[in-house]
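# Coordinate inspection notes
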Amino acid sequence: MTNRIKALMSIGAAVALTAASFTVAASTAQATDPDPATQQYRPYVHYTPEANWMNDPNGLVYHNGKYHMYYQYNPNGTRWGDMSWGHASSTDLIHWEEQPLAIPRGFNGSGQVIEEIFSGSVVVDTQNTSGLGTLLDPPLVATYTSNYTAAHPTLAGKQAQSLAFSTDDGQTWTKYGNNPVLNRNTSSFRDPKVFWYDNPTGPDYWVMAAVEADEHRVLFYKSNDLLQWNYLDDFGPANATGGQWECPDLFPLAVDGDPNNVKLVLAVNINPGAVAGGSGGQYFVGTFNGTTFTADNIDPADQLPPGNVYAGFNGGNYSGWNVQNDPSNSSGPWGSAPAPGSLSGQMAVTGNIGGGLVNGFHAGDNPVGTMESAPFTVDKDYLNFLAGGGKHPQEPGKQSGNQAPPGYLLFDGFDYPGTLTQAGWQLAGDFQAAVNPSTSGGEFAIGKRINTFEGGPNQDNNVGTITSPEFYLTNTNIGFLLGGGQRTDGQLQVELLVGGVPVRTATGTNSGDLNWQNWDVSPWYGQIARIRVVDNATGPWGHLTLDHMVLGSEQAKPRSNETTVNLVVNGQTVRTATGNDSEHLEWKAWDVSAYKGSQATIRIVDNSRGGWGHLLADEFVSSDASHLEQHDWLDWGRDYYATVSFNNAPGGKRIMVGWMNNWDYGQDTPTTTWRGTMALPREVVLTQTSMGPRLRQQVVSQADALKNTAATYTAPAQDIVPGTTTLPVTGDVVQIDAEFSPGTASSFGLKVLGNGTEATRIGYAPSTKRLSIDRTSSGNEGFHPAFSSVADPRVELINGRLRLRLYVDRASVELFAQDGLTTITDQVFPDAGATNISVFSEGGTARLESMTVTPLNRAMWGG
């Protein structure tokens, strides 16, 4: 035994004392919790933990006759947090048994959390290269991301790669004593996928693929022992870069099974920015020489999608746009013309196309403003454009503009023809009638205003009060614009006086920008009131600016601190996007099909004066397709994310598992004691297409054992007349195999999980060649505004026919079209008892060539 192995074993023994704490209850389910089998949305053939939150699959590995699936798990609640590794095992990939918690987060001696256990992978160290086991009893080695919290003494806020090992078939784990084993000293370096590389030109070695998530790069490292890692190369950015890159996976596949034509597939998950919105996974096909991955299917970033260019900003001016620069700085943020690229003091701008772009960095981050296109008619299904700059999304409950609430404008908005004194106001202290109201000071004021800086001779050192005449509180809210200094001691505030007593107060935010505030005045409805401005503050920010007080029934909406691009229809923002705190412009795509034929404008907003307080935009193009559709996606639905493959799967098969959820709404899905579901495991292969080798996917063959073939319903071949035809079969846990011909129909397909009123609609439109899952009327779709959606990739008919295989499992649909060349995965939350299955046709008669509906026996919860 070498000294190095002895040392490692000593380290292992030192940390093994904590291993017992790893073997804790698999969940916090209580005896009073309902039977999982009775819960409305609990799937019967998909894996879910009995209780609590689950997300990304981790550490997928086959060992000693068992498939092990680890996953991101919160042992303490049904929302994301307290990240640890959960664990389930199976002998057939279908029947899963939940195991005790595998790798818990780390604590210091004071009980503070210092390390969360993020995503990673597990390998069988067959040759015991790590020295963490023996050749007779090789260890399982987990490589995972340590997310170090603010309480960590040396790595606070950093992400690095660490090890844990198991010598009892993955049941208990010991954290390696010299963690982390790979640290770049950055905050978004994560999700290691480790595999054994069979090197055709020399010794074999371990390879790790991990991501710098914000930089859209996959980094490759090499190791001989899993403990020491050396950098090889990196890949990216490429194709979809609209969000963070996460959970990479690199593996070989033979094209159509030909061992002489092996390609490497690099899967890269992305959130947000996937083709259907929010979370998803893309993949690249190429070669790997042991150091560098080279992709064959990178799409040119500077190629405009086909369609109509609304604005390219390449003519040297803002022709047709209404440009509003900062009231206090007319040179910014937009300047007087499009920028050719980077501006003074700005990092290099990349990703723009042509001779000009909107660059909101004129005069730096501080200026704010808006610019809006001339009205146009929405003429196609998608609006594609490039955006970059600050990541300041539109804030819920706030507005992009400076719109006053509806109601009665008190005091004429201070736009008196004379002085405040002439209008019945009382001035005391330093405030003088001749300069009240003021005509200057404070950005975003509307006309004249009260400004205690300008209202007397001493500027910030003016002190005194300004009191309004009486008025009646004939409504429930007073909204107003307020800026200036902030004091919490009552020395600087606007007051609502009722009976001479302040009942509502407000102060500024140490900013010259006026923003909307609101008082609920309903408790004093019908009573007489006054407004009093109190300024007894001196020194910096010793003033207030007040304007435009409105008495009405609606609350005033403050301006959002946003940097956004917005689509405005009928005065309402219906689509919005922001940057990613990057000077790189990335393609965005809005589905605007719901607004075709409507008049719209594009409004670009910069309301942020802080860091990354600017926006970049370029090349607005209306198109029949999302620019993201040119890329290759693991799945085209809304709910297939963090997808990775099993290491060491028998027979050399490549089996992938994804988290069946989406970060857009995943923490709000209407389940009860648990939240999170895994998609069915899929075997993936490469097949030659007109575009080159592409993935074909099918649910693993072991799922066939669940089929209750004795109860299979076989529909006769038949024409589908216009309308919906309910079939004489029901079910909410079924496999459906169907083949259609379009006939004269403009659209046709299936409806499942129906109840006569609502259903999940699987449709095909021959004119656009789009296959869709429509869940806009699928049951409970109102729990989150981002959930209701239609996913609709282009799918070519084969020999004039559409072949579908559909797995329905109570609260999900997984659709495999044309023998798995296209897949769509969506969660749905149908009403209780919604089990109807039907076919439909619109605009003509379609043909159902064949169809079987086979009930699936339970794999979980009483199966």
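Residues numbered from 1 in each chain as written. Predicted model: local features only at pLDDT ≥ 70, side-chain atom pairs only at ≥ 80, totals over all residues. Heavy atoms only, no water.

The subject of this paragraph is the overall build of the chain. Helices and strands together make up the secondary structure of the chain, namely one helix and 58 strands. At 31 Å, the chain has a C-alpha radius of gyration in line with the 29 Å of a compact globule built from 863 residues. Looking at the chain as a whole, 57% of its 863 residues are labelled buried. Counting only contacts in the chain whose residues sit at least 6 apart along the sequence, the fraction spanning at least 24 positions is 69%. (Helix = DSSP H or I, 4+ residues; strand = E, 2+ residues; numbered from the N terminus. Rg over C-alpha atoms; globule rule 2.2 N^0.38 Å. Buried < 20%, exposed > 50% of the residue type's maximum accessible area, 1.4 Å probe, protein only. Contact = heavy atoms within 4.5 Å.)

On to the sheet that holds strand β48 (residues 723–730), then. To summarise the sheet geometry, strands pair through backbone hydrogen bonds and adopt either a parallel or an antiparallel arrangement. Overall, antiparallel pairing links the six strands, which are arranged β48-β57-β50-β51-β52-β53 in an open sheet. Either end of the sheet is taken by a strand with one partner, and the two such strands are β48 and β53 (790–791). Where strand β52 (residues 770–774) meets β53, two bridges bridge the pair, whose relative direction is antiparallel. Within β53, the residue paired with Asp-774 across the bridge is Val-790. (Pairing = 2+ DSSP bridges.)

What follows covers the nonpolar core. Grouped together as the largest cluster of nonpolar side chains are 63 residues, with contacts concentrated most on Phe-220, Phe-293, Leu-771 and Met-851. Non-local contacts of Leu-771, meaning those with residues more than four positions away in its chain, are made with Ile-762, Gly-763, Tyr-764, Ala-791, Asp-792, Pro-793, Val-795, Leu-802, Leu-804, Leu-815, Ala-817 and Ile-824. Residues Ala-37, Tyr-47, Tyr-62 and Ala-649 belong to the second largest nonpolar core, which totals 41 residues. (Core = buried A, V, L, I, M, F, W, Y, C linked by side-chain atoms within 4.5 Å.)

Let us now look at the packing of aromatic side chains. What the rule picks out here adds up to 43 aromatic pairs. Summarising the aromatic geometry, the rings of Tyr-47 and Tyr-71 are spaced 5.6 Å apart at their centres and angled 50° between planes, so their arrangement reads as tilted. Of the two residues, Tyr-47 sits in the loop between α1 (3–16) and β1 (52–63) while Tyr-71 sits in strand β2 (residues 66–74), which places them 24 residues apart along the sequence. Here Tyr-47 and Tyr-71 have matching classes, each one buried. An angle of 35° between the planes, with centres 5.6 Å apart, marks the rings of Trp-53 and Trp-663 as tilted. Highlighted residues: Trp-53 in strand β1 and Trp-663 in the loop between β42 (655–659) and β43 (674–675), separated in sequence by 610 residues. The exposure class assigned to Trp-53 is buried, which follows from its relative accessible area of 0%. The ring of Trp-674 is capped by Arg-42, whose NZ or CZ atom sits 3.9 Å from the centre of that ring. Taking NZ or CZ as reference, Arg-858 lies 3.9 Å from the ring centre of Tyr-44, over its face. (Phe/Tyr/Trp six-rings, centres within 6.5 Å; stacked < 30°, edge-to-face > 60°. Lys NZ or Arg CZ within 6 Å of the ring centre and 35° of its normal.)

Strand order in the open sheet formed by four strands is β11-β12-β13-β14, with antiparallel pairing between adjacent strands. The open sheet has two free edges, formed respectively by β11 (189–197) and β14 (230–235), since each of these has just one partner strand. Ignoring which end each strand starts from, the neighbouring axes of this sheet average 25° apart. With seven bridges joining them, strand β12 (residues 205–212) and strand β13 (residues 217–223) adopt antiparallel strand pairing. Of the residues in β13, the one forming a bridge with Val-211 is Val-218. (Axes fitted to C-alpha atoms, helices over the stretch in contact; angles between N-to-C directions.)

The omega torsion of the bond from Gly-236 to Pro-237 falls at 0°, within 30 degrees of zero and hence cis. Tracing the sequence through the fold places Pro-237 in the loop between β14 and β15 (244–254). The omega torsion across Asn-271 and Pro-272 is -15°, close enough to zero to call that bond cis. Phi angles above zero are rare outside glycine, and Leu-226 is one such case at about 70°.

This part is about the pairing of strand β35 (residues 544–552). A regular strand places its side chains on the two faces of the sheet in alternate fashion. Burial runs high along β35: nine of the nine residues are buried. Pairing of strand β27 (residues 450–451) with β35, which is carried by two bridges, proceeds in the antiparallel orientation. Bridging from a neighbouring strand, Ile-450 pairs with Leu-546 of β35. In terms of strand pairing, strand β30 (residues 477–484) meets β35 through seven bridges, oriented antiparallel. The residue bridging Ile-478 from the neighbouring strand is Leu-551, located in β35.

One can find Asp-809 in strand β54 (residues 802–809). There is no salt bridge for the buried Asp-809, and the closest opposite charge comes from Arg-810, which lies 5.8 Å off by N-O distance. At 2.9 Å, the side chain of Asp-809 and the backbone nitrogen of Tyr-44 are in polar contact. One polar contact links the side chain of Asp-809 to the main-chain amide nitrogen of Val-45, over a distance of 2.9 Å. Apart from residues no more than four positions distant in its own chain, Asp-809 is found in contact with Pro-43, Tyr-44, Val-45, His-46, Asp-732 and Val-733. (Lys, Arg positive; Asp, Glu negative; His and termini not counted. Salt bridge = Lys/Arg side-chain N within 4 Å of Asp/Glu carboxyl O. Polar contact = N/O pair within 3.5 Å; in protein donor to acceptor, adjacent residues only side chain to side chain.)

Summarising the sheet, β13 and β14 pair through five bridges and their orientation is antiparallel. Note that in β14 the partner of Lys-222 across the bridge is Asn-230. Remark: six residues form the turn of the hairpin made by β13 and β14, two consecutive strands paired antiparallel; Leu-226 in that turn has positive phi of roughly 70°.

A separate point is the confidence of the model for the chain. Residue-level pLDDT values for the chain average 94, and 96% of them are 70 or greater. Note on residues 1–29: pLDDT is under 50 here. Beyond four places in sequence and across chains, it has 50 contacts. (pLDDT = per-residue confidence, 0-100.)

This brings us to the side chain of Thr-48. By the secondary structure assignment, Thr-48 is in the loop between α1 and β1. For Thr-48, the side chain forms a polar contact with the side chain of Arg-42, separated by 2.8 Å. Setting aside anything within four residues of it in sequence, one finds Thr-48 in contact with Arg-42, Pro-43, Met-54, Trp-674, Gly-676, Thr-677, Met-860 and Trp-861.

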